[in-house]
Structure formats: structure tokens, C-alpha cells
Amino acid sequence: MTTTVSTPTTSAAEPHASDRATAENRLGLKLVAPAVVMMLLVTAYPMLQALYLSLFRYRLTTPGEKQFVGLGNYATALTDSLFWQDLFNTVVIMVVSVAVELVIGFAFAMVMHRIIVARGLMRTSILIPYGIITVVSAFAWQFAFSLNNGFVNGWFQWLPWISADTNWFGSHWPAMFAIIVSEIWKTTPFMALLLLAGLSQVSDDMLEAAQVDGATWWQRLYKVILPNMRAAIMVAVLFRALDAFRIFDNIFVMTKGAQGTESSSFLTYRQVIEQFQLGMGSALSVLLFLAVLLLAFLIVRLFRVDLAQARGEA
Amino acid sequence: MRSSEVRGAGVGARRRSVALTAVLVLVAGLLAACSSASAKPVLTWYINPDTGGQDAVAKRCSTSQYTITTQVLPTDAGQQRIQLARRLAAGDSSIDLMSIDPPYTAEFANAGYLAPIPADLASTFAKRSFRSAVAAATWKGRLVVAPFWSNTQVLWYRKSFVKKAGIDMNRPVTWTQIIKTASQNGGTVAVQANKYEGYVVWINALVSGAGGTLVKNAAKGVDATISVNSPAGHAAAGVIEDLAHSKAAPADLSVSTEGTAGTTFGGPTGAFMVNWTYIFHNYDSDAPQVAKDIGYTTYPRTLPGRPARPPYGGIGIGVSKFSAHAALATQALSCLTSPTSQGVNAKITGNMPSSAAGYQYAPLRKIYPANLLALFQKSLVLAAPRSVTPYWSDISSALQSTWHSPTSVNASTPQKSASFIEQVLQGKALL
């Protein structure tokens, strides 16, 4: 009986919900249409132009020697060890910095979420590095690691591999370490901010229920907090990973790509801006764009987050 | 009440008329300003940053016909090239005059960015300038920029150190000698070996000093012959390898620039340094004891039997082809690069004149000892400019990639760099 009654109710509600959803979708499309048109004008044109330019050997200062090379630029880039070395550097910087930032950022988010005394002061203090322009923070860290006037050598001389004469920018891995430290310092607050938003969405009721059931702090963290923050963590990791993949400023200021510390963005910059090789630079930009797309796809798949579910649509 | 309203109306009317008059005066003033501006053009000179020398010259050379103002470019020579080239490629008419670093002159001229200098002016500029300055300012047989100042490097040393070490600086010294002397006596040899143009300046001087060149037939552009893989290239690599692995290498060798080399030289282990002319007065206020201890001599030899070929640097002034006042800007070149202007600039900045006549500027003799001024001029005669090619930027960056860091330089470096440069020029390798 109940079933008989409830079935028509459900079937009657479905077309209603569907109509509403369709109408909402239509309204949504109308609302975003101007933005989409604007975005196409602003982004699609340069992207298509880059795609076109990437088929030429074309140097800004010798425009008369423009030559169609088809996919030659892509072939040169993909068979060049420098391209892969720079891609490897980029991935190393991205993976290490995002992993460290995720841990530290989560700790900061917990502090910002739970703190009762001086909450505003604490949140502001944690967020300060993110408010500093990247170039400025890169210079600050370059000075910090500098052999002549930096504090790092002085403060950490008690470590066996650091001395007053340690030249951080004199070889590959120490220079990479300095760059990664600078990156982590600068953007951990951003990660913390995104995680704080996720943390505040975890229901206190669930946590209280878990506590009443006798769950320890760790169990509450692993069984309640983290699973409920999955969408927020994904967004944080996605944003930061894509951001880290584009790393440029820190490297430009700290090493100018010396000691094999170039990233993919830096390689593209040098081709387009320094060498005026518009064709090769465009090819590298296209490859960079494809890499970013692939990365975003992999991260979304990795976290298995249903974005529709995350928006509360299902 | 009524009378006050009337008074108020009167005050209001007066205020309106005062405001109207003020607006009219302002508009008239602006119109006058516009008309005077159109009557007297402003020539914009894009300059490399300095301590006010080029600004003083711009003021000095402003006439009743035109005013010259300056716009400062970035500090780094490579960044100066980038900014100028990007603007010029876009046909920016706001650039009238520009200070161009010698290695990029050919690129700008080849791209058609420079207005031609009339033959009579070019002849005057060429006749009065040092040969190295003329070579650096010439592309395809024509003088394309007016030589303004010409820098060169000399070997600076600490008099107390060489006295203790017992080395005779009155005779020509080789790189091997100074590296050995410094390492045996706890001193350092400060050079420029960061991954930047300054490092290529050193490499070029070493190769030239051994009788070689980095590039032959540079005018052929991408088809030029890369000649760094030669006995001279190997001699240059040998010097860098020696220094990088000796005790005389400063700890910051791989990131050293003109500035850090100056700091190392002024420090407790400072012994020798190769650096530009302006370094002489660097220690006057901060470290007077160092200033008193500075000695100088000709740039070190790469090989004992061959004369040194010191680096050549400087600035040539070019006129933009896209300038709205190209004729006036070309006319202004005469004053801007006159021996007196060169002297004025040298007095303020320490960047030396590009002509012997510029060295006659009396105030210079009060600031620099006569034998130092003579040494600068002798060095400019010996100096080896970097190869004049529109592809210098590629060649330089490729050299930086293969010769940096100095500790990685060995006997195989010249061969590696030669094949890499060739690949880069043919578009077969990423730079």
C-alpha cells in the first residue's frame, strides 16, 4: 500500500524535478554565456594563434626568414634531452612542494580552525607569506641562501653537510632545494586556506558521534575528517599542483635556470622572450598546455571525486 | 533673510565667474603647453641604468630645437635587449634614441630597427673612436650606432698581497701565474662566472687571448663557422678548469658577477680580480684601506707568448627607425657622443670614453691616475669585441649552457659547445 502510494508520488515528482533542472540549466547557460564568449575571445584567440605559430620556424628579429616546418618544432622539442630534463625538474618541484604543503597546510588549517584565542591574529600571521609577491619572496630566499650575506649557512652550520662556504646555488640539488623551500614557504598558506574551507564543512555532529562511539583522535581524523574533506583536498591539490607546474618566478630570480634548475615554463620563456623563437616557443606552450590538461585529469581521477556530488546535485 | 538670499546669490555668481575664469586660464595654459610641445619635440633616449651620466649628457645636449629626456631600461644587458627588441618589433614610435650593448648591435641592425647614420657623421664617429669600438658598432661594413662609451677590463690586484707573494706585476702575467700565486698564498682570483653574459665576456677574452675566435664568418648568420673547438678554445677551457679546481677559486665562483667579484676582491682573501673600469672607485667610501691597496695592470695573458686580448664592452647610441623624429635624433647623436659628452659621462659613471679625445676631458684626470687612464686606452687598443653577429644571443646562451658551471669545464667542453651552438643555430636543438 505504502509502495503503491509512494511510487506515483516519485514518478510524479520526477518530471517536475526534471523540468526544474532543465529550466535551471537553461538559465545557467544564459547567465554564463557572456563570460564564455568573453573567455573565448580572450583565451581562444591566443591559443589558436600559438597553435598556428608552432608550425613555423619564426624568429621575431628575422621576420623575413619565417619558414613552415609542420610538426618539426614538436619533434625537436620532444626528442631533446633538455625538454625532458626540464619536465623532470618541474615534476620534482611540483610533487615535493605539494606533498610537503599538504601536510603543513593541513596542520595550519587545524590550528586556524580550532584556535580560540587570538584567532584573527593567528590566521593573519599564517597567511602573510601568501600576500607577499612571489618575486619579492624569491629575492628574500635568495638572500637567505646567499653565500655572502645569507643566514642559512650561519644558522645551520651544526649540520654536517652545511658550512660557512656552502654555495647553495653552485650545484643542482642544493639549488633545487632552495627553490622548493621558497615555493613551500610562499604557497603553504594558500593550501591551508583551501583546507580550512574543507575543514569547516565537516559536521561537528559526525565528530561528536564518533567521539561518543569511542573513536580516538587519529581514528576521527582518518575515518571522519579526511573522507569528508576529500573534495576540498582534491581542489587544494589540483590548484597547487597546477600552480607549481607553472613555476617560473622563483627560478628566474634565484638561479636564472643555472645548474640545470630550469622548469618547463622557464624553457618556454627563454624560447619566446629571450630567443624570440616564436615558433618553438609556441610549440612548447602547446605542450605545456597539454601537460597541464593531463595533470588536471589525473588528479581528478586519482581522488575519484564526483564533482556533481561535491556540488550537492545528486 | 531676503537680503542674505540676495547676498548669497551675488556670492554664488561671483564664485561661478571666478571658477569660469580659472577654467579658461587652465584650458589656455594647456593649449599653450600643447602648442609649445608641438613646437619643440621631445626626443626620448632609452638608456641603460647608470649613476646619472647619460641623464647629464641628455640635459647638456638638449637644444632650442629639441629636448632630450631619458627612460631607464632594466639593469641586465640581456633584459635591455629584450625590452628594446620587443618594442621595436612592434614599431614603437616613442623610442627615438637608445643605448645598445655592443653584442646586440648586429641583431638590431639586421632586423632593420636602426635608422641609417649619414655617411659624413659615420665617418666622423669612426675616425675619432677606438678601433675596437668601431668594430663593435659596425654591421655589414656600415657604422650603425655611434660609439659613446667603451669599457674594458684590466687586472686589479691588491698591492699588499703581491708584495707578500713576491710576484712582479710590472711584467705581463698569465692566468696560470696569478692562479698559482693566489692559491699558494691564500688569495682568490675574482672573475665573472655566473650563468650570464659576463661569463661569455670572460670566455671570449680567454679564447681571443690564445689567438682564436668563438665564431668565424659571423656575417653569415646561422651559417657562420663556429670555431670555439680549437687550440685556443682548449687553452681557454684549461684556464677555467684550473681556476675552478684551485684554492684560488672564490666559494661563489659559479654565481659570481661584477658586483660579487668586487666584494670578494675587497674581502680578506682578495688578491686578483678582472673587472671593468668603474670598479676603481668602488671602495672609496666603504673600504678606504682597500682603495689605497688597489694596483692595476694589463689583463692576464691566456698563453705566455701571446698578448692579452682584454674584453670590450660599452654602449653605442642608435636611432630608432620607427622614431617620429629620426632626423632630429640623428642630429642629436653628434652632441651626445662628442668627446666632451663622453668625458662628462665618464666622470659621473666611470664608464670610459670611446675615443682618445674623450680622455682629454680635464676633470677625468683629477679622478683617475694618469697611468690608469693610459692603461684603459692601451687595453681598448688590444681589446677583443665579441663576435658581431645577429645571432649573438643564441651563441652566447649556448656557450653559457655548455660552459657553466666552471667546475664542469674540461677538455671536452669546446667540442661540446661547438656542436651544440651549430645545432641551436640550425634549429635542431633547444636552447
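Residues numbered from 1 in each chain as written. Chains lettered and ligands numbered in written order. Predicted model: local features only at pLDDT ≥ 70, side-chain atom pairs only at ≥ 80, totals over all residues. Heavy atoms only, no water.

Per an unreviewed UniProt entry, chain B goes by the name Extracellular solute-binding protein and belongs to Nocardioides panacis. The record in UniProt for chain B states the following under Sequence similarities (unreviewed entry): "Belongs to the bacterial solute-binding protein 1 family." (UniProt positions renumbered as here; feature names shortened; annotations may be inferred.)

Our focus in this paragraph is the overall build of chain B. Summing up its helical and strand segments, chain B has 18 helices and twelve strands in all. For chain B, the proportion of contacts with a sequence separation of at least 24, taken over those separated by at least 6, is 75%. A total accessible area of about 17400 Å² is found for chain B, and carbon and sulfur atoms account for 56% of it. Taking the average location of the 38 positive side-chain charges in chain B and that of its 21 negative ones, the two points are 6 Å from each other. (Helix = DSSP H or I, 4+ residues; strand = E, 2+ residues; numbered from the N terminus. Contact = heavy atoms within 4.5 Å. Areas by Shrake-Rupley, 256 points an atom, 1.4 Å probe, with all protein chains shown as cover. Lys, Arg positive; Asp, Glu negative; His and termini not counted. Charge placed at Lys NZ, Arg CZ, Asp CG, Glu CD.)

Here we come to the state of the cysteines. All names here are of chain B. Throughout the structure, instances matching the rule amount to one disulfide over all chains. In this model, C61 is linked to C335 through a disulfide, with the two sulfur atoms separated by 2.0 Å. Every disulfide takes its handedness from the sign of the S-S torsion; for C61 and C335 that torsion is -80°, giving left-handed. Here the residue C61 occupies a position in helix α2 (residues 53-61), and C335 occupies one in helix α13 (residues 326-336), the gap between them amounting to 274 residues. (Disulfide = S-S within 2.5 Å.)

This part is about the packing of aromatic side chains. This model, assessed by the stated rule, comprises 35 aromatic pairs over all chains. Ring geometry for W168 of chain A against F177 of chain A: centres 5.7 Å apart, planes inclined by 25°, an arrangement best described as stacked. Here the aromatic rings of W217 of chain A and W218 of chain A are separated by 5.3 Å at their centres, their planes lie at 85°, and the arrangement is edge-to-face. With a relative accessible area of 53%, W218 of chain A lands in the exposed category. Through pairs of rings, three or more aromatic residues link up here, namely W141, F145, W168, F177 and W185 of chain A. Positioned over the ring face of F252 of chain A is K256 of chain A, at 4.9 Å from the centre of the ring. The ring of F265 of chain B carries R158 of chain B above its face, with NZ or CZ at 5.9 Å from the centroid. (Phe/Tyr/Trp six-rings, centres within 6.5 Å; stacked < 30°, edge-to-face > 60°. Buried < 20%, exposed > 50% of the residue type's maximum accessible area, 1.4 Å probe, protein only. Lys NZ or Arg CZ within 6 Å of the ring centre and 35° of its normal.)

Looking now at the interface of chain B and chain A. The partner chain A presents 32 residues to the 31 residues of chain B that form the contact. For the pair chain B and chain A, the two sides together bury roughly 2400 Å², of which 50% comes from carbon and sulfur. For the interface between chain B and chain A, the tally reads two salt bridges. With a closest N to O distance of 3.8 Å, E107 of chain B and R59 of chain A form a salt bridge. Our enumeration of links across chain B and chain A arrives at twelve residue pairs in polar contact (both at pLDDT 80 or more). Mapped by element, the contributors of at least two residues to the side of chain B that touches chain A are α3 (77-89), α4 (105-110), α17 (392-403) and α18 (413-425) of chain B. The element contributing the most residues to the side of chain B that touches chain A is α3 of chain B, with six residues. Its residues assigned to classes, the side of chain B that touches chain A shows 14 nonpolar, ten polar and seven charged. (Buried area = accessible area lost by both parts, 1.4 Å probe. Salt bridge = Lys/Arg side-chain N within 4 Å of Asp/Glu carboxyl O. Polar contact = N/O pair within 3.5 Å; in protein donor to acceptor, adjacent residues only side chain to side chain. Nonpolar A, V, L, I, M, F, W, Y, C, P; charged D, E, K, R; others polar.)

Turning our eyes to something else, we now look at the environment of W149 of chain B. Residue and element names in this part refer to chain B. Relative to the assigned elements, W149 resides in strand β6 (residues 146-158). Residue classification places W149 among the buried positions, given a relative accessible area of 7%. Here the alpha-carbon distance between W149 and Y391, two residues 242 residues apart in the chain, equals 23 Å. Once residues within four sequence positions are removed from consideration, W149 is found in contact with N48, Y312, G313, G314, I315, N345, N351, M352, P353 and S354.

With that settled, the discussion passes to the side chain of H113 of chain A. Take H113 of chain A: it is sitting in helix α3 (residues 81-114). Setting aside its immediate chain neighbours within four residues, H113 of chain A contacts R119, R123, L196, L199 and S200 of chain A.

Another aspect to go through is the side chain of S393 of chain B. Here S393 of chain B is to be found in helix α17. Once you skip the residues sitting within four places of it in the chain, S393 of chain B turns out to touch E274 and Q275 of chain A together with R81 and Y104 of chain B.

Right, let's get into the pattern of salt bridges. Residues and elements named next belong to chain A. Throughout the structure, instances matching the rule amount to 13 salt bridges over all chains. Residue E24 is joined to R20 by a salt bridge in which the shortest nitrogen-to-oxygen separation is 3.6 Å. Highlighted residues: E24 and R20, both in helix α1 (residues 2-53), separated by four residues, approximately one helical turn. Residue classification places R20 among the exposed residues on the basis of a relative accessible area of 55%. The structure contains a network of salt bridges with shared partners spanning E101, E183, R240, D243 and R246.

Moving on, we get to α3 of chain B. Taking 1.5 Å of rise per residue, the 13 residues of α3 of chain B would be expected to cover 18 Å, and the 18 Å separating its terminal C-alpha atoms lies within 8% of that figure. Where α3 of chain B is concerned, the buried positions are A77, G78, Q79, Q80, R81, I82, L84, A85 and L88 of chain B. The inward-facing, buried residues of α3 of chain B abut α11 (249-254) and α12 (264-274) of chain A together with β1 (42-47), β3 (97-100), α4 and α17 of chain B. One or two steps after α3 of chain B, the chain reaches G91 of chain B, where phi turns positive at roughly 70°. (Expected span 1.5 Å × (residues − 1).)

Working note: regular strand, side chains alternate between the two faces of the sheet. Residues and elements named next belong to chain B. Two strands pair when backbone bridges link them, and β1 and strand β2 (residues 67-72) are joined in this way by six bridges, in the parallel orientation. In the strand pairing of β2, V42 is matched with T67. The β-α-β motif built from β1, the intervening α2 and the parallel element β2 has right-handed crossover chirality. (Pairing = 2+ DSSP bridges. Right-handed = clockwise from strand over helix to strand, strands pointing away.)

Right, let's get into the packing of helix α4 (residues 119-131) of chain A against helix α7 (residues 172-199) of chain A. Residue and element names in this part refer to chain A. Running from N to C, α4 and α7 cross one another at 130°; their axes reach a closest spacing of 6 Å. In terms of orientation, α4 lies oblique with respect to α7. For the pair α4 and α7, the sense of crossing is left-handed. Judged by residue contacts, R123, I126, L127, P129 and Y130 of α4 engage W185, K186, T187, P189, F190, L193 and L196 from α7. Of the residues contributing to the contact of α4 with α7, the split by class is nine nonpolar, one polar and two charged. (Axes fitted to C-alpha atoms, helices over the stretch in contact; angles between N-to-C directions. Parallel < 35°, antiparallel > 145°, perpendicular 65-115°, else oblique. Left-handed = near helix turned anticlockwise from the far one by under 90°.)

Glancing now at unusual backbone geometry. Cis geometry marks the peptide bond from H404 of chain B to S405 of chain B, where omega comes out at 0°. Counting through the fold element by element, S405 of chain B comes out in the loop between α17 and α18. Residue Q259 of chain A is not a glycine yet carries a positive backbone phi of 60°. By secondary structure assignment, the location of Q259 of chain A is in the loop between α11 and α12. Of note, the phi angle at F276 of chain A is positive, near 60°, even though the residue is not glycine. Assignment of secondary structure puts F276 of chain A in the loop between α12 and α13 (278-303). Since its relative accessible area comes to 0%, F276 of chain A is described here as buried.

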